[in-house]
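# Descriptive analysis of the structure
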Amino acid sequence: MQSVPQTSELDSAQPARRIRRRHTTLRRLGLVAAGVSVAILVTGRAFAEPVPAHTQAPGCMTAADAQPQPEKFPAEPAMSIDPNAAYTTNLQTNCGTITLAMDAAHAPRTVNSFKFLSDQQYFNNTRCHRLTTANIFVLQCGDQTATGTGDPGYKFDDENLVGATYPAGTVAMANSGPNTNGSQFFLVYSNSPLPPQYTPFAHITEGMNVLQNIAAGGTRDGSPDGPPASDIVLQTVTTTN
């Protein structure tokens, strides 16, 4: 992204890209943090149409034919969560369950939107479309189209960026620039030197081994940035308090 990583090949010798969720594709951006080339994720560059994988990451079941129910919403949902309450999200994948503790206190609009979308079953049967294995270490999900260009029909502002860092276990929003959050998010499986431009809204409490097993499978074409080698499907996503 101009401030978020895009979907394109990541390489330690290439300029850093930022994880932005742009209207429909990931774009490449140059970014240098602390003198180190950093790859960033952005939503803005479309990936090729997903195809069934021929190999599976360790511990992953072969995914059934995922059929998300395409849906768009006219506007960001009205606030319905309690920012002082504790919310938990379970990402049930074909590789195992990843459990998230949501940070409603510091990212209330983000958690509210995520809970709304999970309540609407928006994430169910969607594929995680992007894995990065150099410079930044993330699995990107939340796009019904599995191309890097999908959104829920609305955007909302960034939150919780002051002093934001992205250690292993962080869950944050992908975007296409400031205040363009939608449905795409990424899970950090190893410390990643990203700039504070992606709203952190949760952290992984269980299932880091699941995420790391997915990462161990690499990308489909062996590049440092692309669709995971395995078909990674969010079978169900539930958020409760």
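Residues numbered from 1 in each chain as written. Predicted model: local features only at pLDDT ≥ 70, side-chain atom pairs only at ≥ 80, totals over all residues. Heavy atoms only, no water.

With antiparallel pairing, the 10 strands of this open sheet are ordered in space as β5-β12-β3-β4-β10-β8-β9-β7-β6-β11. Across the chains shown, the open sheet's two edge strands, defined by having one partner strand only, are β5 (126-127) and β11 (225-226). Across 4 bridges, strand β7 (residues 138-141) lies against strand β9 (residues 185-188) in antiparallel orientation. Its bridge partner lying in β9, Leu139 is registered against Leu187. Contacts between helix α1 (residues 108-119) and the sheet are confined to β3 (87-93), β4 (96-102), β8 (170-173), β9, β10 (200-206) and β12 (233-240), with β12 contributing the most and set at about 120 degrees to the helix. Relative to β4, helix α2 (residues 208-216) is tilted by about 120 degrees, and along the sheet it contacts β3, β4, β6 (130-132), β7, β9 and β10. (Pairing = 2+ DSSP bridges. Helix = DSSP H or I, 4+ residues; strand = E, 2+ residues; numbered from the N terminus. Contact = heavy atoms within 4.5 Å. Axes fitted to C-alpha atoms, helices over the stretch in contact; angles between N-to-C directions.)

A word on the confidence of the model for the chain. Residues of the chain with pLDDT of at least 70 account for 74%, and the chain-wide mean is 82. pLDDT under 50 marks residues 20-40. Its contacts with residues more than four places away, or in other chains, come to 141 contacts. Across residues 45-54 the pLDDT falls below 50, and counting only partners more than four positions away or on other chains, this stretch makes 37 contacts in the model. (pLDDT = per-residue confidence, 0-100.)

Our next topic: the pattern of salt bridges. By the definition in use, this model includes 6 salt bridges. For Lys72, the salt bridge goes to Asp151, with nearest N and O atoms at 2.9 Å. In this pair, Lys72 sits in the loop between β2 (36-37) and β3 while Asp151 sits in the loop between β7 and β8, placing the two residues 79 residues apart along the sequence. Under the relative-accessibility criterion, Lys72 is labelled exposed at 53%. You can call Asp151 buried: its relative accessible area is 9%. When the shortest N-O distance is used, the salt bridge between Glu76 and Arg109 registers 2.6 Å. With Glu76 in the loop between β2 and β3 and Arg109 in helix α1, this pair connects stretches of sequence that are 33 residues apart. When its relative accessible area of 28% is taken as the criterion, Arg109 is described as partly exposed. (Salt bridge = Lys/Arg side-chain N within 4 Å of Asp/Glu carboxyl O. Buried < 20%, exposed > 50% of the residue type's maximum accessible area, 1.4 Å probe, protein only.)

Positionally, Thr219 belongs in the loop between α2 and β11. Polar side-chain contacts of Thr219 include one of 3.1 Å to the backbone nitrogen of Gly222. A polar atom in the side chain of Thr219 sits 2.6 Å from the backbone oxygen of Ser223. If we ignore the near neighbours within four places in the chain, the residues touching Thr219 are Leu131, Pro224, Asp225, Gly226, Pro227, Pro228 and Ala229. (Polar contact = N/O pair within 3.5 Å; in protein donor to acceptor, adjacent residues only side chain to side chain.)

Turning our eyes to something else, we now look at the packing of aromatic side chains. Remark: the centre distance and the inter-plane angle together describe each pair of aromatic rings, the angle taken between the planes. Going through the model one piece at a time under the given rule, you end up with 12 aromatic pairs. Seen from their ring centres, Phe123 and Phe185 are 5.7 Å apart, and the 85 degrees between their planes marks the pair as edge-to-face. Pair noted here: Phe123 is in the loop between α1 and β5 and Phe185 is in strand β9, with a separation of 62 residues, a long-range link. Across the pair, exposure class does not vary: Phe123 and Phe185 are buried alike. Taken together, a centroid distance of 6.2 Å and an interplanar angle of 70 degrees make the contact between Tyr166 and Tyr198 edge-to-face. Of this pair, Tyr166 sits in the loop between β7 and β8 while Tyr198 sits in the loop between β9 and β10; the two residues are 32 residues apart in sequence, bridging distant segments of the chain. In terms of burial, Tyr166 and Tyr198 fall into one category: buried. Among the aromatic residues, ring-to-ring pairing joins Phe73, Phe114, Phe116, Tyr122, Phe123, Phe185 and Phe201 into one connected group. (Phe/Tyr/Trp six-rings, centres within 6.5 Å; stacked < 30°, edge-to-face > 60°.)

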